[in-house]
Every structure is written in structure tokens, then in C-alpha cells.
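# A closer look at the structure
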Amino acid sequence: MTIVLTLFAFLLSVLIVAGFFWRWSDHRADAAQRTRLLEFQPATPALFDPASIEHLPEPARRYFLFTIAPNTPLYTVADISMVGQFSLGTKDAPNYMQMQAQQTLAAPQGFVWKMSASRGPMRISGSDSGSWTRFWTMGVIPVARMGGNADHARSAFGRYVAEALFWTPAALLPGPGIDWEPVDATSARVIVTHGGLKQALELTVDAAGSPRIVRFQRWSNANPEKVYRLQPFGGYLSEFHTFAGFTLPTHVEAGNDFKTDGYFPFFRADVSEVRFPCASEN
């Protein structure tokens, strides 16, 4: 019996050590992804000129005039610090977890979102990017490892180009791969094309031009069949603050099945800081 217990303890120790090294490898991948994304930050960005958007649909023009002050350096890569609530449940039983997260956003090239969340004794941590979804419980037990395929890349692309409308508006100024078209008096559509991926996003603004609603058809398997297909996704933006010349929403609520009976915001975030770091800041 003593030999069996000793062997069990040894094997358990090996598994725990292996888990720590595996988790450490994920941390290194997160850091490497952030370093890669920072390289896309303009070293000497142009300054925002309102004349450059005069040809856009009127809601899009109002949006840019609200969110970017004249002569603001047009940084396109941001570090975002947030807290909030994150749900792995359902509309009837969301079981929200308290969340804190750091994100580096560099649309349309990519993003990395590094989070930890807890509810009672439950602890989950991990990261999302255009290449992976990796979550752990208690720091060493893997509970989700997905990505590395076309479906994941397409789904992630929808997320991070939508978030550019929240937090890196300079990335969606008209240019190669960025096309704006009118929808109605309060909404405009931007179509983002990059690296073989394409995503249309609909933005609704108020009279002042502040972005209030972002909605789009997202490639997702968040459905009972767990089959990838286009599904409505979106959210609401509020509580605007100015960071380095950009007036951005600091409260976001978003979820699947947007504007349907099935909608509930599985993601509720309150942003405490938005920074626009240069490539040397690692």
C-alpha cells in the first residue's frame, strides 16, 4: 500500500509540474503575441485631419469627429485594462464570474486578450487571440484549448475588428481594406478586409456621434448544435472618456443572438485605462 501511495504521489507531482510548465508556455505565447502586435504601431503617426473623412456617410463622419480630436496622433494599437463580468452560462443561468483582463488590440492584424475570472472557489484564467483560445482552472488544469483553424480565425476576426470600433478608431479610418457605406440616418456599415478575411460591421451613433451600438453577423459555434455558422452578435457602448485624444466607451455589454429573444450579455466590461504603446514597450 505504501508503494502504491508513493507512486501515486510521484505521478501527481509530475502532472502538477507538467501543468505549471505548460501554463508557463502559454504565458510566453501571450507575451510573444503582444510583442508582435506592438510592431504594427505607427512610429510617427499622422495627425487626424477632419477633412479626410468628409466623403464618408454622415453617421460615420459624426462618429470619427466625436471619437478622434483634431490633430490627434493616429495610433492604431492599444493596450486596454478592464474589469467586469464574464459568463460561461446561459441566459437563464448566466452564473457571472468576476473578471479582470488585459488586452492588446491591433486590428486588423490581431489581438491578445489575457484574463482571469472567479466565482466562489472557481478560478479560470487564460487568453484569446486570433490563433487560439486557452483557458485553465486553478492555474494548472486545462479546460479549453481551441483554435489554429480557419473557423476560429474567422470568428476571432469578427471580434477584434468590432472592438476596433470601441477602442482603436484610427484603425478603421478609410484606407486599403476599409470601406464605409451608409445604412440610415443614424447608422453606417464598415467592411474590413484583411488576409483573406472579411467582416461587415454596423455602427449606430447618437446625435453627438458617440457610438452606441455595434452589431454584425459573426461566424460562431455558440449554438446548441456547436456548428459554425453566421449568427447575430453585438453590444451596447456607454460611459465615454478621453484617452490621448480618443474619446472611447469605457462600459461595454455584448453577447450572442443580439437583438433576439436569445440575447444576453455574457461579456460586461468596465475599462480603467487605454494606452497606445510603442513597439519598444514590452
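See above for the structure.
Below is a short write-up of the structure. (Residues numbered from 1 in each chain as written. Predicted model: local features only at pLDDT ≥ 70, side-chain atom pairs only at ≥ 80, totals over all residues. Heavy atoms only, no water.)

## Digging into the overall build of the protein chain
Each helix and strand counted, the protein chain has three helices and 13 strands in total. Reported as C-alpha extents along the three principal axes, the dimensions of the protein chain are approximately 80 × 45 × 35 Å. With 282 residues in all, the protein chain has 48% of them scored as buried. Once local pairs closer than 6 in sequence are excluded, the contacts in the protein chain between residues at least 24 apart make up 53%. Carbon and sulfur atoms make up 60% of the accessible area of the protein chain, which totals about 13,700 Å². For the protein chain, the separation between the mean place of its 24 positive charges and that of its 24 negative charges on side chains is 7 Å. (Helix = DSSP H or I, 4+ residues; strand = E, 2+ residues; numbered from the N terminus. Buried < 20%, exposed > 50% of the residue type's maximum accessible area, 1.4 Å probe, protein only. Contact = heavy atoms within 4.5 Å. Areas by Shrake-Rupley, 256 points an atom, 1.4 Å probe, with all protein chains shown as cover. Lys, Arg positive; Asp, Glu negative; His and termini not counted. Charge placed at Lys NZ, Arg CZ, Asp CG, Glu CD.)

## Some details on helix α3 (residues 150-167)
For α3, which comprises 18 residues, the first-to-last C-alpha distance of 25 Å matches the rise-based estimate of 26 Å (1.5 Å per residue) to within 8%. Along α3, 14 of the 18 residues are buried, which leaves the element largely enclosed by surrounding structure. (Expected span 1.5 Å × (residues − 1).)

## Structural notes on the pattern of salt bridges
Counted under the stated rule, the structure contains 13 salt bridges. Glu225 is the salt-bridge partner of Arg229, the closest N and O atoms lying 3.2 Å from each other. Using a relative accessible area of 35% as the deciding quantity, one classes Arg229 as partly exposed. Look at Glu225 and you get partly exposed, because its relative accessible area is 48%. Through salt bridges that share partners, Asp26, Arg134 and Arg145 make up one connected network. (Salt bridge = Lys/Arg side-chain N within 4 Å of Asp/Glu carboxyl O.)

## Describing the packing of aromatic side chains
What describes a pair of aromatic rings is the distance from one ring centre to the other and the angle between the planes of the rings. A full pass over the atoms with the stated rule returns 18 aromatic pairs. When the ring of Phe246 is compared with that of Phe276, the centres are 4.9 Å apart and the planes differ by 35 degrees; the resulting orientation is tilted. Linking Phe246 in strand β12 (residues 246-256) with Phe276 in the segment after β13 (267-275), this pair joins segments that are 30 residues apart in sequence. By the burial criterion, Phe246 is buried, and Phe276 matches it. Joined through ring pairs, the aromatic side chains of Phe86, Trp113, Phe216, Phe233, Phe266 and Phe267 make up one cluster. Lying across the ring of Trp132, Arg134 places its NZ or CZ 4.2 Å from the centre. (Phe/Tyr/Trp six-rings, centres within 6.5 Å; stacked < 30°, edge-to-face > 60°. Lys NZ or Arg CZ within 6 Å of the ring centre and 35° of its normal.)

## Thoughts on the pairing of strand β11 (residues 229-243)
Pairing of strand β10 (residues 211-220) with β11, which is carried by eight bridges, proceeds in the antiparallel orientation. Paired with Ser220 across the two strands is Arg229, which belongs to β11. Bridge analysis of β11 against β12 gives 10 bridges, and the strand direction is antiparallel. Along β12, the bridge assignment pairs Leu237 with Val252. Counting the residues that bridge the hairpin from β11 to β12 gives two residues, and of these Ala244 lies at a positive phi of roughly 50 degrees. (Pairing = 2+ DSSP bridges.)

## Topic: a nonpolar patch on the surface
On the surface, Met138, Ile141 and Val143 cluster together to form a nonpolar patch covering roughly 280 Å² of accessible area. Looking at where Ile141 falls in the secondary structure, it is placed in strand β6 (residues 141-147). (Patch = residues over 30% accessible without salt bridge, like charges linked within 9 Å, V, L, I, M, F, W, Y side chains within 5 Å.)

## Structural notes on unusual backbone geometry
Glycine aside, residues mostly have negative phi, and peptide bonds are mostly found in the trans state. In this structure, Pro108 follows Ala107 across a cis peptide bond, with omega equal to 5 degrees. Along the chain, Pro108 falls in the loop between β2 (97-106) and β3 (110-119). Backbone geometry places Asn71, a non-glycine residue, at a positive phi of 70 degrees. Within the element layout of this structure, Asn71 appears in the loop between α2 (58-67) and β1 (78-86).

## Quick look at the nonpolar core
Judged by nonpolar contacts, the single largest core of 62 residues is most densely connected at Phe64, Met82, Trp113, Leu165 and Trp180. Per element, the largest residue contribution to this core is nine residues, and it comes from α3. Dropping the residues within four chain positions of it, Phe64 is found in contact with Phe48, Ile53, Leu56, Pro169, Leu172, Leu173 and Trp180. Ranked by size, the runner-up nonpolar core spans five residues in total, among them Leu37, Leu38, Val77 and Ala106. (Core = buried A, V, L, I, M, F, W, Y, C linked by side-chain atoms within 4.5 Å.)

## A short note on the side chain of Thr133
Considering the arrangement of structural elements, one finds Thr133 in strand β5 (residues 132-137). For Thr133, the side chain forms a polar contact with the side chain of Asp128, separated by 2.6 Å. Those residues in contact with Thr133, other than ones at most four positions away along the chain, are Ser127, Asp128, Ala144, Arg145, Met146 and His152. (Polar contact = N/O pair within 3.5 Å; in protein donor to acceptor, adjacent residues only side chain to side chain.)

## Some points on α2
Among all positions of α2, only Pro59, Ala60, Arg62, Tyr63, Phe64 and Thr67 are buried. As for α2, its buried residues are in contact with α3, β7 (178-182), β8 (187-194), β9 (197-205), β10 and β12.

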